[in-house]
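# Coordinate inspection notes
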Amino acid sequence: MSMMIKNMLKHQQRLLVRSSRGATHCPCAIKSRPSLATFHSVPYASAVPKPSSAAEDLDSDLPHSDANAHPSTSSQLTQDKQYLLQLYGRPNVIFTHGEGCYLYDQAGRKFLDMNAGIAVNALGHADRELQSVIADQAGKLIHLSNLYHNEYAGPFAKAIVDSLPDVNGGALGQSSKVFFCNSGTEANEAAIKFARKYARKNLPSNETNTKINVISFTNAFHGRSLGALSATPNIKYQAPFAPLLPGFQHAPLNDIETANKMIDEKTCAVIIEPVQGEGGIHLTDKKFLQFLRKKCDEVGAALIFDEIQCGLGRTGTLFAYENFSVSPDILSIAKPLANGIPIGAVVVSDKVAATISPGDHGTTFGGSPFATRVGLTVFNRIRQPSFLQHVKTVGTYLKEQMTDLASKSPLISEVRGIGLMVGLQLREKVDANVFVELARERGVLVITAGGNTIRLVPPLVMGKKEADEAKRALEEVCNDMESYIASGKDL
């Protein structure tokens, strides 16, 4: 745990001690929250000087703090570090099992999971039906490769196609086709390849390299493999691996004028998330998506909707694009598709499918009997009207609770989102990573997103009870961060 967090917790303990003695809480913490003017005048939290004489063990008063992890956690993490490539910034906790919307660590501590494996565990953890299906299929057949047919890939593809919404002027429909792969990044890689093949259908054979440009948008995240990364305009992700693939261009999100200039006869595809997740929970304007649909039709480009994170019930509709009444030529889906079993899928219109030939693309593991049986089971649960209505109802409630939280705290400037995909926009001087750590030490797991945002993407089976629990914990986080910031050096 960072020294800053420990100091913040020490301050919290002092407040609790004062309260237990009959004294009121610190005025800056409860009675009179810091005004926005006061807040903006305080230095960035991580830059505030820290006292040097306080005890180091006061954080043990929080049951979910690192000090209360299982005794073996530290030694196991030290050993793991010797063998695992260090790519992730992870807290010092090891989870062993879960149930519903909760995770449990080695010490048996219970954490409310408000990130669901980054929007993956739609049905929560240890779902009884999935346990049965997984065990049964594991005892029959796990892998074949695509040299042979299996029982479930076809029925799963049919279920997806049958569930495509009827959107006026939409490209996807009952003649669409499905390609199964293993992840969201793989789905977007395939989508880009299919789009380039599709865009060349009317070009003379000597002009095949004239229509290759792919347009994506600010704050987008489409994956970390080289093609998907080329469509992700974030220097943090791109710079270490430059030069990237040629032909990728980026435009401001929701800027029709700029997009109109950039999308031309050399454009083969436009890729966009109807609701951005990693970028900070931003909804695309309906008029902007409608413009993109029209413009792509004019220049013969494929419109790709990346619904890796926002699709499959996350917004309260089966597919996110239903909220915008615009249909793509190509749709990529993945994260919750099999509730954690690796799988991704690309849905293409009949016009795109007509340009794809055997051998144009492939995968060894994609569409396995194991993954597609589990995926079909999950998909059939999510697409039920009652399930989607539950997401809408609880999503509205969660957003209301977070909006109420924001109205009482100067740390949060805005609440954005739709369904169970909610973002808390922290103000510039608020450290989002500290916010996440403090929430975890209060038993609630949240994650960051772009633009200093706290991202809430819980299991879709979450109820109002869990939303209330999350709000109470985040209120404590806000109170303590406000107290720390307002106190400055006086801790």
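Quick note: structure is the one above.
Below, the structure is looked at part by part. What you see is a predicted model, and the numbers here were worked out from it, not measured in a lab.

Conventions adopted
- Residues numbered from 1 in each chain as written.
- Predicted model: local features only at pLDDT ≥ 70, side-chain atom pairs only at ≥ 80, totals over all residues.
- Heavy atoms only, no water.
- Helix = DSSP H or I, 4+ residues; strand = E, 2+ residues; numbered from the N terminus.
- Expected span 1.5 Å × (residues − 1).
- Buried < 20%, exposed > 50% of the residue type's maximum accessible area, 1.4 Å probe, protein only.
- Polar contact = N/O pair within 3.5 Å; in protein donor to acceptor, adjacent residues only side chain to side chain.
- Phe/Tyr/Trp six-rings, centres within 6.5 Å; stacked < 30°, edge-to-face > 60°.
- Lys NZ or Arg CZ within 6 Å of the ring centre and 35° of its normal.
- Contact = heavy atoms within 4.5 Å.
- Pairing = 2+ DSSP bridges.
- Axes fitted to C-alpha atoms, helices over the stretch in contact; angles between N-to-C directions.
- Parallel < 35°, antiparallel > 145°, perpendicular 65-115°, else oblique.
- Left-handed = near helix turned anticlockwise from the far one by under 90°.
- Nonpolar A, V, L, I, M, F, W, Y, C, P; charged D, E, K, R; others polar.
- 1 Å grid on protein atoms, 1.4 Å probe; cavity = no way out; pocket = protein on both sides within 12 Å on 5 of 7 lines; lining within 4 Å.
- Points joined across faces, edges and corners; volume = space filled by probe spheres on them.
- Patch = residues over 30% accessible without salt bridge, like charges linked within 9 Å, V, L, I, M, F, W, Y side chains within 5 Å.
- Areas by Shrake-Rupley, 256 points an atom, 1.4 Å probe, with all protein chains shown as cover.
- Salt bridge = Lys/Arg side-chain N within 4 Å of Asp/Glu carboxyl O.

## Some details on helix 7 (residues 184-199)
- Between its first and last C-alpha, helix 7 extends 22 Å over 16 residues, near the 22 Å set by a 1.5 Å rise per residue.
- Among the residues of helix 7, those classed as buried are Gly 184, Ala 187, Asn 188, Ala 190, Ala 191, Ile 192, Phe 194, Ala 195, Tyr 198 and Ala 199.
- Its side-chain oxygen placed 3.2 Å from the backbone nitrogen of Glu 186, Ser 183 serves as the N-cap of helix 7.

## Describing the packing of aromatic side chains
- What the rule picks out here adds up to nine aromatic pairs.
- Seen in terms of ring centroids, Phe 156 and Phe 180 are 5.1 Å apart; in terms of plane orientation they differ by 20°. Their pairing is stacked. Taken as a pair, Phe 156 in helix 6 (residues 153-162) and Phe 180 in strand 4 (residues 177-181) lie far apart in primary sequence, 24 residues in all. Across this residue pair, the class does not change: Phe 156 and Phe 180 are buried.
- Through successive ring pairs, a cluster of aromatic residues spans Phe 156, Phe 180 and Phe 379.
- Its guanidinium or amino end placed over the ring of Tyr 102, Lys 110 lies 4.2 Å from that ring's centre, counting from NZ or CZ.

## Quick word on helix 6
- Among all positions of helix 6, only Ala 153, Phe 156, Ala 157, Ala 159, Ile 160 and Val 161 are buried.
- Contact partners of the buried residues in helix 6: strand 4, strand 11 (330-333), strand 12 (344-348) and helix 13 (369-382).

## Describing the pairing of strand 5 (residues 213-217)
- Most of strand 5 sits inside the fold, with five of its five residues counted as buried.
- Residues Asn 213, Ile 215 and Phe 217 of strand 5 are buried on one face, and the alternating residues Val 214 and Ser 216, pointing to the opposite face, are buried as well.
- Here strand 5 pairs with strand 7 (residues 267-272) via three bridges, running parallel. Of the residues in strand 7, the one forming a bridge with Val 214 is Ala 269.
- For strand 5 and strand 6 (residues 248-251), the ladder comprises four bridges, and the chain directions are parallel. Residue Ser 216 lies in a different strand from strand 6, and its bridge partner there is His 250.

## A look at unusual backbone geometry
- Looking along the chain, the bond that leaves Ala 242 and enters Pro 243 is cis, with omega of 0°.
- Tracing the backbone through its elements, the reader meets Pro 243 in the loop between helix 9 (235-238) and strand 6.

## Quick notes on the packing of helix 6 against helix 13
- The N-to-C vectors of helix 6 and helix 13 enclose an angle of 25°; their axes lie 9 Å apart at closest approach. Classed by the angle they form, the pair helix 6 and helix 13 counts as roughly parallel. In terms of crossing hand, the pair formed by helix 6 and helix 13 is left-handed. For the pair helix 6 and helix 13, the contacting residues are Ala 153, Pro 155, Phe 156, Ala 159 and Ile 160 in the first and Thr 372, Gly 375, Leu 376, Phe 379 and Asn 380 in the second.
- Split into classes, the residues belonging to the contact of helix 6 with helix 13 amount to seven nonpolar, three polar and no charged.

## Points about the layout of surface pockets
- In this model, the second largest pocket occupies a volume close to 680 Å³.
- Forming the boundary of the second largest pocket are 31 residues, of which Asn 146, Val 178, Phe 179, Phe 180 and His 361 lie nearest the centre.
- Listing elements by their share of the lining of the second largest pocket, those giving two or more residues are helix 6, strand 4 and strand 12.
- Examining the composition of the lining of the second largest pocket, we find that four residues originate from one element, strand 4, more than from any other.
- In terms of residue class, the lining of the second largest pocket is made up of 16 nonpolar, 14 polar and one charged.

## A few points about the sheet that holds strand 15 (residues 444-445)
- Spatial strand order, 1-2-3-15: four strands in an open sheet with mixed pairing. At either end of the open sheet lies a strand with only one pairing partner, and these are strand 1 (95-99) and strand 15.

## Considerations on the pairing of strand 14 (residues 422-426)
- The buried fraction of strand 14 amounts to five of the five residues, a majority that puts the element mostly inside the structure.
- Burial of the side chains of strand 14 extends over both faces: Val 422, Leu 424 and Leu 426 are buried on one face and Gly 423 and Gln 425 on the other.
- In this structure, strand 13 (residues 412-417) lies alongside strand 14, joined through five bridges in antiparallel fashion. Residue pairing across strands places Gly 417 opposite Val 422, the latter belonging to strand 14.
- Two successive antiparallel strands, strand 13 and strand 14, enclose a turn made up of four residues, where Gly 419 displays a positive phi of approximately 60°.
- Here strand 14 runs beside strand 17 (residues 453-456); their pairing, made up of four bridges, is antiparallel.

## Structural notes on the environment of Asn 323
- Mapped onto the secondary structure, Asn 323 falls in the loop between strand 10 (302-306) and strand 11.
- Sequence separation between Asn 323 and Pro 274 is 49 residues, and the spatial gap between their C-alpha atoms is 8.9 Å.
- Filtering out sequence-adjacent residues up to four positions away, Asn 323 remains in contact with Thr 315, Thr 317 and Ile 418.
- Of note is the side chain of Asn 323, whose polar atom sits 3.1 Å from the side chain of Thr 317.
- Of the polar contacts made by the side chain of Asn 323, one reaches the backbone oxygen of Ala 320; its length is 2.9 Å.

## Observations regarding the sheet that holds strand 11
- Taken together, the seven strands give an open sheet; going across it, the order is 4-12-11-10-7-5-6, and neighbouring strands pair in mixed fashion. The two strands at the open ends of the sheet, each matched to only one other strand, are strand 4 and strand 6. Averaged over all neighbouring strand pairs, the angle between strand axes comes to 20°, with direction disregarded.
- Examined bridge by bridge, strand 7 and strand 10 share four bridges and lie parallel to one another. Note on strand 10: the bridge partner recorded for Ile 272 is Phe 305.
- Along the sheet face, helix 6 touches strand 4, strand 11 and strand 12 and points at about 125° away from the line of strand 4.

## So, a nonpolar patch on the surface
- A contiguous nonpolar surface patch, about 410 Å² in accessible area, is contributed by Leu 85, Leu 87 and Tyr 88.
- A relative accessible area of 59% places Leu 87 in the exposed class.

## Comments concerning the pattern of salt bridges
- All chains considered together, the criterion is met by 17 salt bridges.
- With a closest N to O distance of 2.8 Å, Asp 127 and Arg 381 form a salt bridge. Of this pair, Asp 127 sits in the loop between helix 4 (116-119) and helix 5 (128-138) while Arg 381 sits in helix 13, and the two are 254 residues apart along the sequence.
- Overall, the relative accessible area of 24% leaves Arg 381 in the partly exposed class.
- For the salt bridge of Lys 261 with Glu 257, the shortest nitrogen-to-oxygen distance reads 3.8 Å. One end of the pair, Lys 261, and the other, Glu 257, are both in helix 10 (residues 256-262), four residues apart, so they sit about a helical turn from each other. For the pair formed by Lys 261 and Glu 257, the shared burial category is exposed.

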